[in-house]
Structures are given as C-alpha cells and as structure tokens.
Amino acid sequence: MDRYAVLGHPIAHSLSPRIHGLFAAQTGAALSYVAIDSEAAALAETLARLHTEGYAGVNLTLPLKVHAVALCSELSARAQAAGSVNTLIRHESGWRGDNTDGAGLLRDLQHNLGCKLAGQRVLLLGAGGAARGVLQPLLDAQPAELTIAGRTPWKPEDLAAEFKDRGALRPCTFLALKGDRYDLVINATSAGHSGATPPLPPGIYASGGRAYDLSYGRAAEPFLARARELGAVQVFDGLGMLVEQAAEAFSLWRGLRPETASVLAALRS
Ligand SMILES: NC(=O)c1ccc[n+]([C@@H]2O[C@H](COP(=O)([O-])OP(=O)(O)OC[C@H]3O[C@@H](n4cnc5c(N)ncnc54)[C@H](OP(=O)(O)O)[C@@H]3O)[C@@H](O)[C@H]2O)c1
C-alpha cells in the first residue's frame, strides 16, 4: 500500500486526509494518507524519516510551504515561480517539490465556476505565500489588468518587481484602490481567520463583479459578506481550490486525475 501524508502545524483541522481518502475510494487506489504534526524546526528530520520509511508523497501546509523549498532535491518550474511547495514527490535520492495551489485556483475559477479571466480586470489581495503561489497562473490566464494590493506596501511592490518579466502586474496599497473597478477580486489574505476583511472602497466591484476568497468555512465569511455589500453579484469560497489542488497532487503521484465535483459536494454537505 502506498503511503502519503500531509504535514503542518497545527494539522488536526486538515481536510486533506478526507479528500485523498475519497479520491482513493473513487479510483480504487490502495493507499494510506495521514496527517502529521510538524513544526518548521523539525521538518528536515520528519521528511528524512518519511523518505526512509518509503512514503510516496507528501503535502505541506502552513507554516511549512516556504521552509520546505530548501529541503527538496529538485523543484518544478511552478514551485520555483511560487517560491514555495505544497506537494512532494518521492525520488530515490530525495523529494521533488511542486506547487499545485495556482493550478487548483485556476481550475476552480475557470472550470468549476465559469469565471473567465482573459481580458478581465482582476484584483489580488494579499502578498503572502498563497498570493505568490497563484501569481504566475493568474498572469498566464492573460487578464486585461492584474493588480496586487496588500497592507504592508513594500510586499506587493517586491512581488511586482520579481514578476516584472512574466506579465503586467501593478502593485498597490489598499488606500490607492479608490476609484478602481474590478471584474474579479480574489482575497489571498489570512484576515478572515481573525474575523477581519481587507478595507475595500465602495465601487470596487464592476457591474457583474465577482469575489473569491482562498479561505473557506468561517474564515471566508467576513470577506464574502462585505463583497455582497459592495455589489459583487457572485461570491465563492476556496473549498473548490482546496479540492482541485489536492486533485492535481493526486494526479502527480498516481498518474490519474480524480473526479472532483462529488468530493466537493461531499465536503460541503
Ligand atoms: N483554498 C486553498 O487551497 C488555500 C491554499 C493556500 C492558502 N489558502 C488560504 O489563503 C490565505 C493566505 O494564506 P498564506 O499562506 O498566503 O498566508 P501568509 O503567507 O501568512 O500571508 C497572509 C497575508 O494576509 C495578509 N493579512 C493578514 N491579516 C490581514 C488583515 N487583517 N488585513 C489585510 N491583510 C492581512 C498579510 O499581510 P502582511 O504581509 O502585511 O502581514 C499577508 O499578505 C489563508 O487564509 C489560507 O488558508 C487557501
């Protein structure tokens, strides 16, 4: 039986064991997938142990995604662009790091929710690890505009400077958004975990504008409620992205893409 694990700290709340269990049942795969608590300081030792024990793959969540980069023997192009890894694939000599978050977001937005990005005005809120991980796929989707706004001004500026050769990206503070209008606003901040929401000005949603929060459950509620008040016609949480990034990891490990709609429906119910 192939063995997989998700590492993070804390990890008890993780939905990944349930998601991969549903993928395994659906595809008839004989595998185990467990959650293991690991702090950043213990990550090197934990990954070495899992490799010795024969684990075939590992997922990483907060706060380990950036820390794990230095522990990979090789990195995919999208992991290099993201500067973080959420999926490790076993190699004889170590772990190959990949990042499936951006692909998961794009698949949820475009395939599941029918949000086209090409030619649209898109605003990305936050400049942390998740924002960095989704920037390249968002640029590749060729929006008319992509603005990145954050509360610490130098962070969006640093990201825009880093990505300047990969597409047009405008860095901005929340205050400077006054007067802007967007077709899609994506919240990649962690504000909702403390009941807060980034301060957006009235008029930020264009006619027919939509809101997407990478968070899900309670953490997505403040941003999505505020988006409705500000005129967004549709609001979405990030549970679909969670399932899609997991499906992408599963297909990297097993060479088989699971069907996701039934898994998402099971989680929502
Ligand atoms: N659905 C999925 O599959 C998925 C995948 C990855 C991440 N996520 C979610 O995405 C969110 C961000 O994760 P992350 O890894 O990027 O975290 P992170 O690296 O800690 O970054 C958090 C970002 O949020 C900003 N922020 C925090 N509180 C804020 C507030 N009150 N107002 C405005 N900005 C605030 C931070 O700004 P400063 O830099 O100024 O502190 C930073 O830019 C989390 O909720 C996470 O659960 C979901």
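Only a predicted model underlies this, so the values are computations on that prediction, with no experimental measurement involved.

Basis of the calculations
- Residues numbered from 1 in each chain as written.
- Predicted model: local features only at pLDDT ≥ 70, side-chain atom pairs only at ≥ 80, totals over all residues.
- Heavy atoms only, no water.
- Helix = DSSP H or I, 4+ residues; strand = E, 2+ residues; numbered from the N terminus.
- Buried < 20%, exposed > 50% of the residue type's maximum accessible area, 1.4 Å probe, protein only.
- Pairing = 2+ DSSP bridges.
- Axes fitted to C-alpha atoms, helices over the stretch in contact; angles between N-to-C directions.
- 1 Å grid on protein atoms, 1.4 Å probe; cavity = no way out; pocket = protein on both sides within 12 Å on 5 of 7 lines; lining within 4 Å.
- Points joined across faces, edges and corners; volume = space filled by probe spheres on them.
- Nonpolar A, V, L, I, M, F, W, Y, C, P; charged D, E, K, R; others polar.
- Domains from an automatic or database assignment.
- Contact = heavy atoms within 4.5 Å.
- Buried area = accessible area lost by both parts, 1.4 Å probe.
- Parallel < 35°, antiparallel > 145°, perpendicular 65-115°, else oblique.
- Left-handed = near helix turned anticlockwise from the far one by under 90°.
- Salt bridge = Lys/Arg side-chain N within 4 Å of Asp/Glu carboxyl O.

Looking at this model, I keep getting lost on the environment of E92. Mind explaining?
Mapped onto the elements, E92 comes out in the loop between β5 (87-91) and β6 (94-98). Classification of E92 by relative accessible area gives exposed; the value is 71%. For the pair E92 and G54, spaced 38 residues apart in the sequence, the C-alpha separation amounts to 9.7 Å.

Would you explain the sheet that holds strand β11 (residues 205-213) in this entry?
Across the sheet, which stays open at both edges, the six strands sit in the order β9-β8-β7-β10-β11-β12 with parallel pairing between neighbours. Of all strands in the sheet, those with a lone pairing partner are β9 (170-173) and β12 (234-236), marking the two edges. Averaged over neighbouring strand pairs, the angle between their axes works out to 20° when direction is ignored.

Mind showing me how you'd approach the layout of surface pockets here?
Rolled over the atoms, a probe sized like a water molecule indicates the empty space that remains. If you add up the space inside the largest pocket, you get close to 1400 Å³. Counting only elements with at least two residues in the lining of the largest pocket, the list comes to β3 (57-60), α5 (129-140), α6 (154-162) and α8 (239-254). Sorting elements by how many residues they give to the lining of the largest pocket places α8 first, with three residues. Its residues placed into classes, the lining of the largest pocket shows 22 nonpolar, 22 polar and five charged. Shared between two domains, the lining of the largest pocket holds at least three residues of each, these being domain 1 (2-99 + 242-268) and domain 2 (102-237).

Whenever I open this one, the domain arrangement of the chain confuses me. Can you help?
It is common to report an interface's size as the accessible area lost on association of the parts. Domain annotation of the chain identifies domain 1 (2-99 + 242-268) and domain 2 (102-237). If you average the C-alpha positions of domain 1 and of domain 2, the two centres end up 25 Å apart. On the domain 2 side, the residues contacting the 13 residues of domain 1 number 14 residues. Carbon and sulfur atoms supply 52% of the area buried between domain 1 and domain 2, which totals about 970 Å² over both sides.

Sorry, what's going on with the packing of helix α1 (residues 16-27) against helix α9 (residues 261-268) here?
In a pair of packed helices, the angle between the axes and the distance between the axes together describe the arrangement. Two numbers describe how α1 lies on α9: the axes approach to 10 Å, and their chain directions differ by 135°. By the angle between their axes, α1 is oblique relative to α9. By crossing handedness, the relation of α1 to α9 is classed as right-handed. Along the contact surface, α1 presents R18, I19, L22, F23 and Q26, while α9 presents S262, V263, A266 and L267. Here the contact of α1 with α9 is composed, by residue class, of six nonpolar, two polar and one charged.

In this structure, what is going on with the pattern of salt bridges? I would like to understand it.
Where charged atoms from two side chains of opposite charge come close, those side chains can pair. For the structure on display, the rule yields 14 salt bridges. Where R107 meets E244, a salt bridge forms, and the shortest distance between an N and an O atom there is 3.7 Å. Of the two residues, R107 sits in helix α4 (residues 101-112) while E244 sits in helix α8, which places them 137 residues apart along the sequence. Classification of R107 as partly exposed rests on a relative accessible area of 32%. With a relative accessible area of 2%, E244 lands in the buried category. The shortest N-O distance in the salt bridge between R268 and D237 comes to 2.8 Å. Highlighted residues: R268 in helix α9 and D237 in the loop between β12 and α8, separated in sequence by 31 residues. Given a relative accessible area of 16%, D237 falls into the buried group.

Could you clarify how one ought to interpret the sheet that holds strand β4 (residues 74-75) in this entry?
Paired through backbone hydrogen bonds, the strands of a sheet run either parallel or antiparallel to each other. Here six strands make up an open sheet; going across it, the order is β2-β1-β3-β5-β6-β4 and the pairing mixed. Each edge of the open sheet carries a strand with a single partner, namely β2 (31-37) and β4. On the sheet, helix α2 (residues 43-52) packs against β1 (2-8), β2, β3, β5 and β6 and is oriented at approximately 175° with respect to β1.

Help me out: how do you make sense of unusual backbone geometry in this one?
It is generally the case that most residues other than glycine have a negative phi and that most peptide bonds are trans. With an omega of 0°, the peptide bond between H9 and P10 qualifies as cis. Its place among the elements puts P10 in the loop between β1 and α1. Cis geometry marks the peptide bond from L62 to P63, where omega comes out at 0°. Phi is positive for Q142, close to 60°, though the residue is something other than glycine.

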